[in-house]
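Single-letter residue listing:
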Amino acid sequence: MAGLGLPLRGIPEENTAIFLLVGSDEDMQQKLAEAILQEKKSFKMKIHLATSLPLPSDSNRLPPKIDLIVFMIDIKNKDSLKKVEESLAYVDPSYFLGQVCFLVTGVGRVNCCSIEMNAVWKLGEVYCSPVLFCELELEAVRVTTAQRLVRILEVCAGYIPGVSALSFSSLMWNSADV
């Protein structure tokens, strides 16, 4: 399968950072995107939403440069994990050098868990990407998650001097081991 290297590595826009949120729960994606856009930042931000990859191609214009891909996994929905796993095949390997993270949602309802947590940890390990856990249905947690993702985006887009996405990813890597 072809990687997404060219479609996701399009033309950069000046002073603009771009998120790609990939997940099967479109309502939670929208709520998270709205929370992200409310955050204060010193740059413009755009958010693209997708339920899966590959992205549809538009031959009439060049695609934007994606700075951070956030794969959203709903802990109570096995299909969300499956869609993420299938979508990963379309991501250019260079993104796994600090420009991908996995966001596991629904963690407040562990009793409704349909996904093995080991499978989620393994994704983070195999793709050398951080795994974040949250409960997006709670507004305060959604706001905190948005703040964290904006900070990660700042690093990935190169707006934090002296910190690269690769070093940021390694700082976050499996904090449970510390």
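Residues numbered from 1 in each chain as written. Predicted model: local features only at pLDDT ≥ 70, side-chain atom pairs only at ≥ 80, totals over all residues. Heavy atoms only, no water.

(A) Seen up close, the overall build of the chain. Each helix and strand in the chain was counted, giving six helices and five strands. Secondary structure elements of the chain, listed N to C terminal, follow the sequence α-β-α-β-β-α-β-α-β-α-α. Of the contacts formed within the chain by residues at least 6 apart in sequence, a portion of 81% connects residues at least 24 apart. Accessible area for the chain stands at about 9500 Å²; split by element, carbon and sulfur atoms hold 53% of it. (Helix = DSSP H or I, 4+ residues; strand = E, 2+ residues; numbered from the N terminus. Contact = heavy atoms within 4.5 Å. Areas by Shrake-Rupley, 256 points an atom, 1.4 Å probe, with all protein chains shown as cover.)

(B) Region of interest: the pattern of salt bridges. Here the structure, examined in full by the defined rule, presents five salt bridges. Measuring nitrogen to oxygen at the nearest pair gives 3.2 Å for the salt bridge that ties R151 to E154. With R151 and E154 both in helix α5 (residues 139-156), this residue pair falls three residues apart, about one helical turn. (Salt bridge = Lys/Arg side-chain N within 4 Å of Asp/Glu carboxyl O.)

(C) Main features of helix α3 (residues 78-88). Where α3 is concerned, the buried positions are S80, L81, V84, S87 and L88. Looking down the long axis of α3, one finds its buried residues gathered within 130° of arc, a one-sided arrangement. Exposed residues on α3 whose side chains face more than 90 degrees from its buried face are K78 and D79. In this structure, the buried residues of α3 make contact with β1 (16-22), β3 (68-74), β4 (100-105) and α4 (117-126). For α3, the N-terminal capping position is held by N77, with its side-chain oxygen 2.9 Å away from the main-chain nitrogen of D79. (Buried < 20%, exposed > 50% of the residue type's maximum accessible area, 1.4 Å probe, protein only. Arc of directions from axis to C-beta. Polar contact = N/O pair within 3.5 Å; in protein donor to acceptor, adjacent residues only side chain to side chain.)

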